[in-house]
Amino acid sequence: MRKYFLLSVATLMMSGTANAVAPEEPITTYATGTVEVNASILRNATVSCTPVNFGTIAVPENNEVATITMSSDGSGRTTIEIQGDNIVHLGDNSAGYCDGINDFDPDMIEREGKDTTVLISNENGDTLSFEPVANGRGYIAGTLRIPSSVTIGTYSGSFTITTTY
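Definitions and limits used
Residues numbered from 1 in each chain as written. Predicted model: local features only at pLDDT ≥ 70, side-chain atom pairs only at ≥ 80, totals over all residues. Heavy atoms only, no water. Helix = DSSP H or I, 4+ residues; strand = E, 2+ residues; numbered from the N terminus. Buried < 20%, exposed > 50% of the residue type's maximum accessible area, 1.4 Å probe, protein only. Contact = heavy atoms within 4.5 Å. Areas by Shrake-Rupley, 256 points an atom, 1.4 Å probe, with all protein chains shown as cover. Disulfide = S-S within 2.5 Å. Salt bridge = Lys/Arg side-chain N within 4 Å of Asp/Glu carboxyl O. Core = buried A, V, L, I, M, F, W, Y, C linked by side-chain atoms within 4.5 Å. pLDDT = per-residue confidence, 0-100. Phe/Tyr/Trp six-rings, centres within 6.5 Å; stacked < 30°, edge-to-face > 60°.

The number of helices and strands found in the protein is 1 helix and 11 strands. Its helices and strands in sequence order give the protein the pattern α-β-β-β-β-β-β-β-β-β-β-β, from N to C terminus. Buried positions account for 23% of the 165 residues belonging to the protein. Taking all contacts inside the protein whose residues are at least 6 apart in sequence as the whole, residues at least 24 apart take part in 66%. Working note: accessible area of the protein is about 12500 Å², and carbon and sulfur atoms make up 51% of it.

This is the structure:
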């Protein structure tokens, strides 16, 4: 084994200096540079938000697809618009409100990609979709999409908002 090792070392030594700079080519360039380092430090604040509550919704058996859109005027008052046959909204709705952020960007709702749809589910894993909309004054409302032949139950979920101010 030692014989092969010595033979390998001798072969490598005789092979020349393929990776070295040839003596007739002197180094002619010496380079220096400046690397900038930056950091921005922000305060990390937690914002408390009340739930977006669509209240109680009555649907007929074997219902068709429907949407319920809640809008907020910025003072807490909401309006409901229903698209779908025989869907009845029984009230008790309220827009969510995020305390401490009175003038934020409506695009602050953070979701992966550009799709801001939030799935909310019931205890059996059945889902409804919710498309949140921030009005710029701390209130969040949006559109609830009810699938055909929806399963009766209570649906809930959550999503993250992010903003700098």
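After that view, the rundown keeps rolling.
Under the defined criterion, the tally for this structure stands at 1 disulfide. Two residues, Cys49 and Cys98, share a disulfide whose sulfurs are 2.2 Å apart. A torsion of 110 degrees about the S-S bond marks the disulfide between Cys49 and Cys98 as right-handed. Taken as a pair, Cys49 in strand S1 (residues 48–49) and Cys98 in strand S6 (residues 96–99) lie far apart in primary sequence, 49 residues in all. On the basis of relative accessible area, Cys98 is assigned to the buried category, the value being 2%.

What follows deals with the pattern of salt bridges. Inspection of the entire model under this criterion finds 1 salt bridge. The closest approach of N and O atoms between Asp73 and Arg77, which form a salt bridge, is 3.0 Å. Residue classification places Asp73 among the partly exposed positions, given a relative accessible area of 37%. Classification of Arg77 as exposed rests on a relative accessible area of 59%.

Now for the nonpolar core. Among the nonpolar cores identified, the biggest contains 16 residues, and Phe54, Ile120, Leu128 and Leu144 are the most heavily contacted of them. Broken down by secondary-structure element, the contributors of at least two residues to this core are strand S3 (66–72), strand S8 (118–121), strand S9 (127–134) and strand S10 (139–146). A total of 4 residues in this core trace back to one element, the largest contributor, which is S10. When residues no more than four places from it in sequence are discounted, the contact partners of Leu128 are Val118, Leu119, Ile120, Leu144, Arg145, Ile146, Pro147, Val150 and Tyr155.

Assignment of secondary structure puts Gly153 in the loop between S10 and strand S11 (160–161). C-alpha of Gly153 to C-alpha of Asp126: the two residues are 27 residues apart in sequence and 9.1 Å apart in space.

Within the secondary structure, Thr67 is located in strand S3. Once residues lying within four places of it in the same chain are set aside, the contact partners of Thr67 are Glu81, Ile82, Gln83, Thr143, Leu144 and Arg145.

Take the confidence of the model for the protein next. This prediction gives the protein a mean pLDDT of 81; 74% of its residues lie at or above 70. When pLDDT is averaged over each element of the protein, strand S2 (residues 57–58) comes out on top at 96 and helix H1 (residues 2–14) at the bottom at 54.

Turning next to the packing of aromatic side chains. With the rule as written, the count across this model stands at 3 aromatic pairs. Here the aromatic rings of Phe54 and Phe130 are separated by 5.7 Å at their centres, their planes lie at 80 degrees, and the arrangement is edge-to-face. Of this pair, Phe54 sits in the loop between S1 and S2 while Phe130 sits in strand S9; the two residues are 76 residues apart in sequence, bridging distant segments of the chain. Relative accessible area serves as the criterion here: at 8%, Phe54 is assigned to the buried category. We classify Phe130 as buried; its relative accessible area is 6%. Look at Tyr97 and Tyr139: their rings are 4.7 Å apart centre to centre, the planes differ by 50 degrees, and that puts the pair in the tilted class. With a gap of 42 residues between them, Tyr97 in strand S6 and Tyr139 in strand S10 connect regions that are remote in the sequence. Overall, Tyr97 belongs to the partly exposed group, its relative accessible area being 22%. Owing to a relative accessible area of 15%, Tyr139 belongs among the buried residues under this scheme. One aromatic cluster is present, built from ring pairs that chain together Phe54, Phe130 and Phe159.

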